[in-house]
Amino acid sequence: MALALWVFGLLDLAFLVSANIFGLSFCQLQKQQILLSRYINSTAASYLPQCQDSGDYSPVQCDLLRRQCWCVDAEGMEVYGTRQQGRPVRCPRSCEIRNRRLLHGVGDRSPPQCSPDGAFRPVQCKFVNTTDMMIFDLVHSYNRFPDAFVTFSSFRSRFPEVSGYCYCADSQGRELAETGLELLLDEIYDTIFAGLDLASTFAETTLYRILQRRFLAVQLVISGRFRCPTKCEVERFAATRFRHHYVPSCRPDGEYQAAQCQGKGLCWCVDSRGQELPGTRRRGEPPSCAEDQSCPSERRRAFSRLLFGPSGYFSRQSLFLAPEERSVSQRLARFAAPCPPSIKELFLDSGIFQPMLQGWASRFVAPESLLKEAIRGIFPSRELARLALQFTTNAKRLQQNLFGGRFLVNVGQFNLSGALGTRGTFNFSHFFQQLGLPGFQDGRALADLAKPVSVGLNSNSASEAPKASKTDIAPRKPVVGSFGFEVNLQENQNALQFLSSLLELPEFLLFLQHAISVPEDTARDLGDVMEMVFSSQGCGQAPGSLFVPACTGEGSYEEVQCFAGDCWCVDARGREIAGSRVRGGRPRCPSECEKQRARMQSLLGSQPAGSSLFVPACTSDGNFLPVQCFNSECYCVDTEGQPIPGTRSALGEPKKCPSPCQLQAERAFLGTVRTLVSNPSTPPTLSSIYIPQCSASGQWSPVQCDGPPEQAFEWYERWEAQNSAGQALTPVELLMKIMSYREAASRNFRLFIQNLYEAGQQGIFPGLARYSSFQDVPVSVLEGNRTQPGGNVFLEPYLFWQILNGQLDRYPGPYSDFSAPLAHFDLRSCWCVDEAGQKLEGTQNEPSKVPACPGSCEEVKLRVLQFTREAEEIVTYSNSSRFPLGESFLAAKGIRLTDEELAFPPLSPSRETVLEKFLSGSDYAIRLAAQSTFDFYQRRLVSLAESPRAPSPVRSSPYVPQCDAFGGWEPVQCHAATGMLVENRFRN
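Residues numbered from 1 in each chain as written. Predicted model: local features only at pLDDT ≥ 70, side-chain atom pairs only at ≥ 80, totals over all residues. Heavy atoms only, no water.

How should I be thinking about the overall build of the chain in this particular structure?
Assigned secondary structure in the chain consists of 31 helices and 21 strands. Every one of the 988 residues in the chain was classed for burial, and the buried ones make up 43%. Partitioning the contacts of the chain with sequence separation of at least 6, the portion at a separation of at least 24 is 53%. Accessible area of the chain: about 51,300 Å², with a carbon and sulfur share of 55%. (Helix = DSSP H or I, 4+ residues; strand = E, 2+ residues; numbered from the N terminus. Buried < 20%, exposed > 50% of the residue type's maximum accessible area, 1.4 Å probe, protein only. Contact = heavy atoms within 4.5 Å. Areas by Shrake-Rupley, 256 points an atom, 1.4 Å probe, with all protein chains shown as cover.)

Below you can see the structure in the form of structure tokens.
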């Protein structure tokens, strides 16, 4: 035994090392370890980690056997308090988790500031005691003295020896090195926003918002950015400092460049988090990496290009250039952004944007990034912008209300008196020494050291030639700030002064009014609005790029995209999957099984000899094979590839797995009981319940009926018979009564049985009826063992208790239950299905009438008649819809317009239903289009039959099989449209 454990530990260690070397993520590693442990120990585990395509842990993990789910962090650790029955609707993020721990006494007593989505805000602020710089107990103080946090004057009165402390934080809320600033509170004025309703959290108070804006204004001075360093910039600084072989490339806004490269010419694509995208690594020339963008936003941009007109790819300025200049402009125009009509109308044509930019060109470079960062930092939400507009009538006062005084003007002049303390972590001493000042060696205050800088900056305007001032400082000399940012104090002063004057313009208030009206699905925040306004100035558009992506209702990319007769598969980011493009049809895209198989085969090829990884087996259609094998063990799986408990056996042993009919019946059963338990006061109607019925061999029964299974009727009759009051209970009343037992018993099965005996209802379950009192019930029954193996699952106490508590993730009985004969046909409506379980149109009967399902010939005939009805509907719709010919061309090119985009009334006939049939690209769709087109023109020709020159109508009716009285094929078949006589060679 000890030797086996030693060998297993050695294998585990080898697997861990090889996995990390050859690209297996921690989630994938844990999943493979569990599978390997199952094989070595011959045990079954109910939990397998769920991993994303990138290899990261899925935010929600589930134990299929217990039907419990919980949230995890990036390392796969369970988030406390999130485990529940069923999937959590939303998982808390890192900042919310920190707040939860704080409420349990873990961490300092200053809660973090969280964004609406639960992440840490980039700027974190807290209060510190000025005597010892200890963290101020904000939790207790905010709860005890909420009025003190309304205005700065009330706060200073209550806590006179406290100052603010703000810093930049990473994604885990940790303070970034050398970013902390002590913000003094003495010179902060109470603004128009003071005295509003008490905020529920410190992050929503005016105090925090003013401290955060002041902190960002100082960042603009010392780093040239009105924001904190991004993850990319922090990693770039660390890699440069420690001479790492890979240094990330960042965009001007701090985000990762889509393509990343390292020293030896190796390049790859990354996502917005800087994670490498699998399969994009290239040597030599950088790969073509599309930026992350949502499908709806790309679709809106595509429509902007589509509707801009034939001259859309010319910028407005290029129309007035000389011919040789215009050709250059046209070559460059393909890189320009499209011009959204709403943005152009609101901000450019209205004339409010141009006055905001007057004077910037001669003072500093790139106002786009400054304005985008500044408006996002000052107004992180539309609600704050609305609040500013609500309480600001004079544009001259807006700046002072936002920053608690003339702070922005003073910082622009480097006047730091009474604003900043010296006990932050930012190294002002080193910063000033780069300008030739002595630093803090002589004990002077920060405000005193800043005075020469202010004098030097003010004596060097942008119009003067750069030269040393009387104080021997060079305002245009590059200064290295935090994280290696090379800044120019003169340019930063110009940027601050420009921002200060911008906030005092009446046009800026108009800009805010228009900006908050831009929907969030168009621009996420006001910073995005500003970026769109700048990009719309050129009104550029790429010629020929008229592809409009198709999106799902949830906002993701449709699996298949089409344009100009070609169709191809795309991944989750909308990128084309290599080798999937076909012409004149729809490709079959990789299924989930094929994706998993390709990933694991790729990983297996990079593993050392002897490594063992589970690689799923797929059918030719891309589905999971019903039987999967790993090493010397085989087991059955469902349609999602999840193992079915109790089906494991040795390799080579005969195995019978559930059929598609049985698996679909299992899903329907579980869905029905969950619906009943989740909302017992309004149970579904009998006709809305449908659990497929299967034959003894597992195939689809030719007759299907709605309503619950017969086990449910037996359960209902026993419960009704046990009613001591002697009154018949409606299903709703009975279900509510049963649910009361569940509420009383909570999740304790033993207490549930005890409640049954106290109510005298134990006789409902045959396995309990033989015990007269609760004390007589054997321990084995109270532990959940079955009392009647193979019986009705509803009459098994422990299974019934599991159903009430939503703990079932699999059908608890044998799959043969779905083949049990039905009764109660007076309550059921029945219909016929084909071999694949698809309903045959026209076969559904009312209750008490079981249909006589057609033979093979009759089935074909019914499909032809359905085809004829659909063609008739399309012809009728064509006559009444005024369907434009241009839309048919768009549909042929793969561009489908939705009813919402065309502003159709909700009750109008849906064109999308027709287009959906045609765009499937199947043979049926082509025949349907041809049949409806011929019928349409045939009727037009018939109406002209009186004319002597009218051509004879073309007969286009489809072939309808001729069947005998029993639904079989007649030996001779005829097609009236062609006059052909065909002998039937496929007689029954």
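Continuing now.
Sorry if this is basic, but what is going on with the sheet that holds strand 12 (residues 560-563) here?
What holds strands together in a sheet is hydrogen bonding between their backbones, with the strands either parallel or antiparallel. One open sheet holds the 3 strands; their spatial order is 12-13-14, and the pairing between them is antiparallel. One side of each edge strand has no neighbouring strand; the edge strands of this open sheet are strand 12 and strand 14 (582-583). One ladder, built from 2 bridges, connects strand 13 (residues 566-569) with strand 14; its direction is antiparallel. Counterpart to C567 in the pairing with strand 14 is V582. (Pairing = 2+ DSSP bridges.)

Would you take a moment to explain unusual backbone geometry for this structure?
One can expect most non-glycine residues to show negative phi and most peptide bonds to be in trans. A positive phi angle is found at R243, which is not glycine, with a value near 55°. With respect to the helices and strands, the residue R243 is situated in the loop between helix 7 (231-241) and strand 7 (259-261). Assessed through its relative accessible area of 78%, R243 is described here as exposed. Despite not being glycine, S848 has its phi angle at roughly 75°, a positive value.

How should the pattern of salt bridges be read in this particular structure?
Oppositely charged side chains can pair when the atoms bearing their charge come close. Scanning all chains against the criterion turns up 30 salt bridges. The closest approach of N and O atoms between D271 and R273, which form a salt bridge, is 3.6 Å. By relative accessible area, R273 is classed as partly exposed at 40%. Between R524 and D528 there is a salt bridge, and its shortest N-O distance comes to 3.5 Å. Classification of R524 by relative accessible area gives exposed; the value is 57%. Connected via shared salt-bridge partners are R225, R227, E233 and E373. (Salt bridge = Lys/Arg side-chain N within 4 Å of Asp/Glu carboxyl O.)

Would you mind showing me how to read the side chain of T672 here?
Along the chain, the position of T672 falls in helix 21 (residues 660-678). Engagement of the side chain of T672 in a polar contact is seen with the backbone oxygen of A668, the distance being 2.8 Å. Not counting residues up to four positions away in its chain, the partners in contact with T672 are I689 and I691. (Polar contact = N/O pair within 3.5 Å; in protein donor to acceptor, adjacent residues only side chain to side chain.)

Could you clarify how one ought to interpret the confidence of the model for the chain in this entry?
It should be kept in mind that the predicted coordinates are not to be read in detail where pLDDT is low. In this model, the chain carries an average pLDDT of 76, and 74% of its residues clear a pLDDT of 70 or more. A low-confidence stretch, residues 1-22 (pLDDT under 50), is modelled with 22 contacts involving residues beyond four sequence positions or located in other chains. (pLDDT = per-residue confidence, 0-100.)

Can you walk me through the environment of R66 in this structure?
Relative to the elements of secondary structure, R66 occurs in the loop between strand 1 (60-63) and strand 2 (68-71). Separated by 743 residues in sequence, R66 and D809 place their C-alpha atoms 7.3 Å apart.

What am I meant to see in the packing of aromatic side chains here?
Here a ring pair, both rings aromatic, is described through the centre-centre distance and the interplanar angle of the planes. On inspection of all chains with the given rule, the structure shows 33 aromatic pairs. Residues Y815 and F818 carry aromatic rings whose centres are separated by 6.4 Å and whose planes lie at 45° to one another, so their mutual orientation is tilted. For Y815, a relative accessible area of 17% gives the class buried. Members of the aromatic cluster, connected to one another through ring pairs, are F127, F136, Y142, F145, F149, F155, F159, F202 and Y208. The ring centre of W70 lies 4.0 Å from the NZ or CZ of R83, which sits over that ring. Here K839 stacks its cationic end above the ring of W831, 5.5 Å away from the centre of that ring. (Phe/Tyr/Trp six-rings, centres within 6.5 Å; stacked < 30°, edge-to-face > 60°. Lys NZ or Arg CZ within 6 Å of the ring centre and 35° of its normal.)

Teacher, can you tell me more about the nonpolar core here?
F127, F149, F379 and F511 are the most contacted members of the largest nonpolar core, which totals 93 residues. Counting residues per element, this core draws most heavily on helix 6 (residues 206-223), which supplies 11 residues. Grouped together as the second largest cluster of nonpolar side chains are 44 residues, I644, L663, I691 and L804 included. (Core = buried A, V, L, I, M, F, W, Y, C linked by side-chain atoms within 4.5 Å.)

Would you explain the sheet that holds strand 17 (residues 649-650) in this entry?
Pairing is antiparallel across the open sheet formed by 3 strands, whose spatial order is 15-16-17. Each of the sheet's edge strands pairs with one partner strand only, and the pair in question is strand 15 (627-630) and strand 17. The pairing of strand 16 (residues 633-636) with strand 17 spans 2 bridges and is classified as antiparallel. Across the sheet, E633 pairs through a bridge with A650, a residue of strand 17.

Can you walk me through the state of the cysteines in this structure?
Put plainly, a disulfide is one covalent bond tying together the sulfur atoms of two cysteines. The final tally for this structure, using the stated rule, is 17 disulfides. Two residues, C71 and C91, share a disulfide whose sulfurs are 2.0 Å apart. One quick way to see it: the torsion about the S-S bond of C71 and C91 is about -85°, and its sign makes the bridge left-handed. A residue pair is termed long-range when its members are at least 10 positions apart, and C71 in strand 2 and C91 in the loop between strand 3 (84-85) and helix 3 (94-103) qualify at 20 residues. Judged by its relative accessible area of 1%, C71 falls in the buried class. Linked covalently through their sulfurs, C593 and C618 form a disulfide whose S-S length is 2.0 Å. The S-S bond linking C593 to C618 shows a torsion near -95°; that makes this disulfide left-handed. In this pair, C593 sits in helix 20 (residues 592-605) while C618 sits in the loop between helix 20 and strand 15, placing the two residues 25 residues apart along the sequence. (Disulfide = S-S within 2.5 Å.)

Explanation requested: the packing of helix 18 (residues 506-515) against helix 19 (residues 526-535) in the structure shown.
Helix-helix packing: each pair is described by the crossing angle between the helix axes and the interaxial distance. Running from amino to carboxyl end, helix 18 crosses helix 19 at an angle of 105°, the nearest separation of the two axes being 10 Å. It follows from the interaxial angle that helix 18 and helix 19 lie roughly perpendicular. Along the contact surface, helix 18 presents F511, L512 and A515, while helix 19 presents L526, V529, M530 and V533. (Axes fitted to C-alpha atoms, helices over the stretch in contact; angles between N-to-C directions. Parallel < 35°, antiparallel > 145°, perpendicular 65-115°, else oblique.)

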